[in-house]
Amino acid sequence: GENVEQHPSTLSVQEGDSAVIKCTYSDSASNYFPWYKQELGKGPQLIIDIRSNVGEKKDQRIAVTLNKTAKHFSLHITETQPEDSAVYFCAASMGWTSYDKVIFGPGTSLSVIP
Amino acid sequence: GAGVSQSPSNKVTEKGKDVELRCDPISGHTALYWYRQSLGQGLEFLIYFQGNSAPDKSGLPSDRFSAERTGGSVSTLTIQRTQQEDSAVYLCASSPPGRETQYFGPGTRLLVL
């Protein structure tokens, strides 16, 4: 089955710097890759997602890139702010079907230092 | 509109007792998922519902764990004879028809003493 790895497990950046989180997946059939942000004491919330027919997607300060050949995808946060501090999870699934189990990475704890 | 809600938000119980955790998905969402998140860990898939049926129960860790969904809406996760290792945050998520995006509730924090 699918396996998702995520690095780094913890990341500290200065406010205003960029943060990059990288994930790899094992199943070449996976074609949907969401990213979730989990703030302390809350459930994960979708922040951006990308499908396999797209190599890059951007939403304001957040961007995601996908390399299907290498089976890895990355989250880029620019101009980080203290409110970006949270745990970020990447995930992979074969999203085109009516059901597919979403496999989550282990998470990255991001701290933005003011 | 209203998001996914879960109750109780916190539950403390004694080892050996049974607990019921409730999830109210977003109205109209046909898919419902349960996950377990241990302290500082990732999301462990437990069970998936499509309507009232559960085509994927592969993540339930033991026969002490069961779940049901009625009316294609509310779901209950039951843990019988709780053990200390059951202590975790139990998250519920739902998805609209034909979409993969999962919308999570705030979770139930379970502590087994």
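Refer to the structure printed above.
Participant: How should the overall build of chain B be read in this particular structure?
Facilitator: Each helix and strand counted, chain B has zero helices and 11 strands in total. The linear arrangement of helices and strands in chain B, starting from the amino end, is β-β-β-β-β-β-β-β-β-β-β. Rg of the C-alpha trace for chain B: 13 Å, near the compact-globule value of 13 Å for 113 residues, within the 12% margin. Summarising its shape, the C-alpha atoms of chain B cover approximately 40 × 25 × 25 Å along the three principal directions. For chain B, the proportion of its 113 residues judged to be buried stands at 49%. Sequence separation of at least 24 residues holds for 52% of the intrachain contacts in chain B that already meet a minimum separation of 6. Treating the 11 positive side-chain charges of chain B as one cloud and the 11 negative ones as another, the clouds have centres 3 Å apart.

Participant: Teacher, can you tell me more about the interface of chain A and chain B here?
Facilitator: Many structure descriptions define interface size as the accessible area lost when the parts assemble. Contact residues are listed per partner, giving 21 residues for chain A and 20 residues for chain B. Across the chain A/chain B interface, buried area totals approximately 1,500 Å², and carbon plus sulfur atoms make up 52% of it. Scanning the region where chain A abuts chain B turns up one salt bridge. One salt bridge connects Glu100 of chain B with Arg51 of chain A, and the closest N-O pair in it is separated by 2.7 Å. In this assembly, chain A and chain B are joined by five residue pairs in polar contact (both at pLDDT 80 or more). Elements that contribute at least two residues to the side of chain A that touches chain B include exactly strand 4 (32-38) and strand 5 (45-51) of chain A.

Participant: Honestly, the sheet that holds strand 8 (residues 72-77) of chain A in this entry has me stumped. Any pointers?
Facilitator: Across a sheet, strands are paired by hydrogen bonds formed along the backbone, either parallel or antiparallel in direction. Residue and element names in this part refer to chain A. In space, the five strands of this open sheet follow the order 1-3-8-7-6, with antiparallel pairing throughout. Each edge of the open sheet is held by one strand with a lone partner, namely strand 1 (4-7) and strand 6 (56-59). Averaged over neighbouring strand pairs, the angle between their axes works out to 15° when direction is ignored. Inspection of the sheet shows strand 3 (residues 19-25) paired to strand 8 by six bridges, in the antiparallel sense. Pairing of Val20 across the sheet is with His76, part of strand 8.

Participant: Looking at this model, I keep getting lost on the environment of Asn52 of chain B. Mind explaining?
Facilitator: Residues and elements named next belong to chain B. Its location among the elements puts Asn52 in the loop between strand 5 (44-50) and strand 6 (53-56). With relative accessibility at 45%, the residue Asn52 sits in the partly exposed group. C-alpha separation for the pair Asn52 and Val74, spaced 22 residues apart in sequence, amounts to 9.4 Å. Not counting the four nearest positions on each side in its chain, Asn52 is found in contact with Arg69, Thr70, Gly71, Gly72 and Ser73.

Participant: Got a minute to help me understand the state of the cysteines in this structure?
Facilitator: Joining two cysteines, a disulfide is a covalent bond between their sulfur atoms. With the rule as written, the count across this model stands at two disulfides over all chains. Two residues share a disulfide in this structure: Cys23 of chain A and Cys90 of chain A, whose sulfurs sit 2.0 Å from each other. Measuring handedness by torsion sign, the sulfur bridge of Cys23 of chain A and Cys90 of chain A sits at about -100° and is left-handed. With Cys23 of chain A in strand 3 and Cys90 of chain A in strand 9 (residues 86-92), the pair connects residues that are 67 residues apart, well separated along the chain. For Cys90 of chain A, a relative accessible area of 0% gives the class buried. Residue pairing for Cys23 of chain B: its cysteine sulfur links by disulfide to Cys92 of chain B, the two sulfurs lying 1.8 Å apart. Given an S-S torsion of about -65°, the disulfide between Cys23 of chain B and Cys92 of chain B has left-handed geometry.

Definitions and cut-offs
Residue positions are given per chain, counting from 1 as you read along its sequence in written order. Chains and ligands are labelled sequentially in the order written, the chains with letters from A and the ligands with numbers from 1. Per-residue local features are limited, in this predicted model, to residues with pLDDT of at least 70; the limit for side-chain atom pairs, both in listing and counting, is 80 or more; totals at the level of whole chains, interfaces and linings are taken over all residues. Side-chain metrics in this entry use all non-hydrogen atoms of the structure; hydrogen atoms and water are not considered. To qualify as a helix, a DSSP run of H or I must reach at least 4 residues; to qualify as a strand, a run of E must reach at least 2; elements of each kind are numbered from the N terminus. Only C-alpha atoms enter the radius of gyration, while the globule expectation follows 2.2 Å times N to the 0.38, with N the number of residues. We call a residue buried when its accessible area falls under 20% of the maximum for its residue type, exposed when it is over 50%, and partly exposed in between, using a 1.4 Å probe and counting protein chains only. Throughout, a residue-residue contact means that at least one pair of heavy atoms, one from each residue, lies within 4.5 Å. Neither His nor the chain termini are counted; the positive set is Lys and Arg, and the negative set is Asp and Glu. For this purpose, a charge sits on NZ of Lys, CZ of Arg, CG of Asp or CD of Glu. Reported buried area values correspond to the accessible surface (1.4 Å probe) lost by two parts on association, with both partners' losses combined. Counted as salt bridges are all cases of a side-chain nitrogen of Lys or Arg within 4 Å of a carboxyl oxygen of Asp or Glu. A 3.5 Å cut-off defines polar contacts: any pair of N or O atoms within that distance qualifies, except that in protein one atom must be a possible hydrogen donor and the other a possible acceptor, and neighbouring residues in sequence count only when both atoms are side-chain atoms. Only when DSSP finds a minimum of two bridges between them are two strands counted as paired. Note on geometry: axes are C-alpha line fits, over the in-contact stretch for helices, and angles between N-to-C directions span 0 to 180 degrees. A pair of cysteine sulfur atoms is labelled a disulfide when the two atoms are within 2.5 Å.

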